[in-house]
Amino acid sequence: MAVLLDLTDTPASPVAPATPAGAVTQRAVSGSVHSWDLSTGVDGPGTRFVTFLAGCPLTCLYCHNPDTMRMRSGTRTSADDMVAEAAKYTTFIRAAGGGATISGGEPLLQPVFAGELLHRYKHELGLHTALDTSGFLGARATDALLRDADLVLLDIKSWDRATYREVTGRPLEPTLDFAHRLAALGKEVHVRFVLVPGLTDDPANVDGVASFAASLGNVSRVDVLPFHKLGEAKWQALGRPFTLSGTPSPTPGQVAAARKIFTSHGLYAV
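Residues numbered from 1 in each chain as written. Predicted model: local features only at pLDDT ≥ 70, side-chain atom pairs only at ≥ 80, totals over all residues. Heavy atoms only, no water.

Draft legend 1. Molecular detail of the overall build of the protein chain. Along the protein chain, the regular secondary structure elements total nine helices and eight strands. The C-alpha atoms of the protein chain give a radius of gyration of 18 Å, which matches the 18 Å a tight globule of 270 residues would have. Along the first, second and third principal axes, the C-alpha set of the protein chain runs to 50 × 45 × 35 Å. Sequence separation of 24 or more characterises 75% of the internal contacts of the protein chain that already satisfy a separation of 6 or more. Computing the positive centroid from 24 side-chain charges and the negative centroid from 26, the protein chain places the two 2 Å apart. (Helix = DSSP H or I, 4+ residues; strand = E, 2+ residues; numbered from the N terminus. Rg over C-alpha atoms; globule rule 2.2 N^0.38 Å. Contact = heavy atoms within 4.5 Å. Lys, Arg positive; Asp, Glu negative; His and termini not counted. Charge placed at Lys NZ, Arg CZ, Asp CG, Glu CD.)

Written out as structure tokens, the structure is:
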């Protein structure tokens, strides 16, 4: 399958300077934003203001937002504009026990911009913050960026290395390294695992993810996400084949069985 985004697609971002905890930054920072939305129960606890950054180094076979894979598909947007947009909803978000989530694409493809948004959503707007990431570019996340993320939503797409590469086009190890780093920092993590019949649903594969997540000590929740084909039309619109078009969604029984594997390791799985 053709790679939709090479990491050379955009110039490397400079490393963000460390910012004292609680300080409000004044730098003029902008990035490529695909879109934003308000969501409930999907992108972290409560109702969230979700900023979807454009660009991703992975080419996941089941991606439901393939239009976010290229950084150039987004709109150049300032952090000031995003903070001003989020500020319109802060009263409602707080009342709903929510916060702000940086998603994508892959937000760590734009670490300076992602870090700026996390910092300002947290310290200027007083919102709970979450970073939604595959972890493949975890080495790009500075300690300052991670301090400003109250929660990390970490996608672990497979434990079997060959399956992981088949699904994403990339190796698994950077994600595992990032997970260990988050554990060392004591950062709360929600693991996300997409259950795809005939691809990721082998019990040994699920058990591998579960055993690893349980070993970290900082995973408070696991989301077992049933594979769906809601993004198929987007693949077609891009003129690219959706190779999982013949794959069924998992049955409720298959989802329950996967969740049971995670709970057997002492994890809270939904």
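More follows now that the structure is in view.
Draft legend 2. Layout of helix 3 (residues 111-123). The end-to-end C-alpha separation of helix 3 is 18 Å, in line with the 18 Å expected for 13 residues at 1.5 Å each. Of all 13 residues in helix 3, 11 are buried; the element is thus mostly enclosed. Here helix 3 has its buried residues at Pro-111, Val-112, Phe-113, Ala-114, Gly-115, Glu-116, Leu-117, Leu-118, His-119, Arg-120 and Tyr-121. (Expected span 1.5 Å × (residues − 1). Buried < 20%, exposed > 50% of the residue type's maximum accessible area, 1.4 Å probe, protein only.)

Draft legend 3. Expanded view of the nonpolar core. Within the largest apolar cluster, 72 residues are counted, with the highest numbers of intra-cluster contacts made by Tyr-121 and Phe-262. Leaving out residues up to four positions away in the same chain, Tyr-121 has contacts with Phe-49, Thr-51, Met-82, Val-83, Ala-86, Ala-100, Ile-102, Gly-126, Leu-127 and Thr-129. (Core = buried A, V, L, I, M, F, W, Y, C linked by side-chain atoms within 4.5 Å.)

Draft legend 4. Structural detail: the pattern of salt bridges. Scanning the model with the defined rule gives 11 salt bridges in all. Across the pair Arg-120 and Glu-116 runs a salt bridge, and its minimum N-O distance is 3.9 Å. Taken together, the residues Arg-120 and Glu-116, both in helix 3 and four residues apart, mark about one turn of the helix. Owing to a relative accessible area of 8%, Arg-120 belongs among the buried residues under this scheme. By relative accessible area, Glu-116 is classed as buried at 1%. Its salt-bridge partner being Asp-143, residue Arg-181 comes within 2.8 Å of it at the nearest N-O pair. Highlighted residues: Arg-181 in helix 6 (residues 173-185) and Asp-143 in helix 4 (residues 143-147), separated in sequence by 38 residues. Each of Asp-80, Glu-116, Arg-120 and Glu-124 takes part in salt bridges that share partners, so that together they form one network. (Salt bridge = Lys/Arg side-chain N within 4 Å of Asp/Glu carboxyl O.)

Draft legend 5. Region of interest: the sheet that holds strand 6 (residues 151-155). The eight strands are arranged 3-1-2-4-5-6-7-8 in an open sheet whose pairing can be described as mixed. Two strands bound the open sheet, and with one partner strand each, they are strand 3 (75-78) and strand 8 (219-226). Across the sheet, the mean angle separating the axes of adjacent strands is 30° when strand polarity is ignored. Taken together, the four bridges between strand 1 (residues 30-40) and strand 3 define a ladder with antiparallel strand orientation. Paired with Ser-30 across the strands is Ser-78, a residue of strand 3. Contacting strand 7 (189-195) and strand 8, helix 7 (residues 203-216) crosses the sheet at an angle of about 180° to strand 7. (Pairing = 2+ DSSP bridges. Axes fitted to C-alpha atoms, helices over the stretch in contact; angles between N-to-C directions.)

Draft legend 6. Local environment of the pairing of strand 4 (residues 99-103). By the criterion of burial, strand 4 is predominantly enclosed, with five of the five residues buried. Examined bridge by bridge, strand 2 (residues 47-53) and strand 4 share five bridges and lie parallel to one another. Looking at the pairing, Arg-48 lines up with Gly-99 of strand 4. Both strand 4 and strand 5 (residues 128-133) contribute to a ladder of four bridges, which runs parallel. Within strand 5, the residue paired with Gly-99 across the bridge is His-128.

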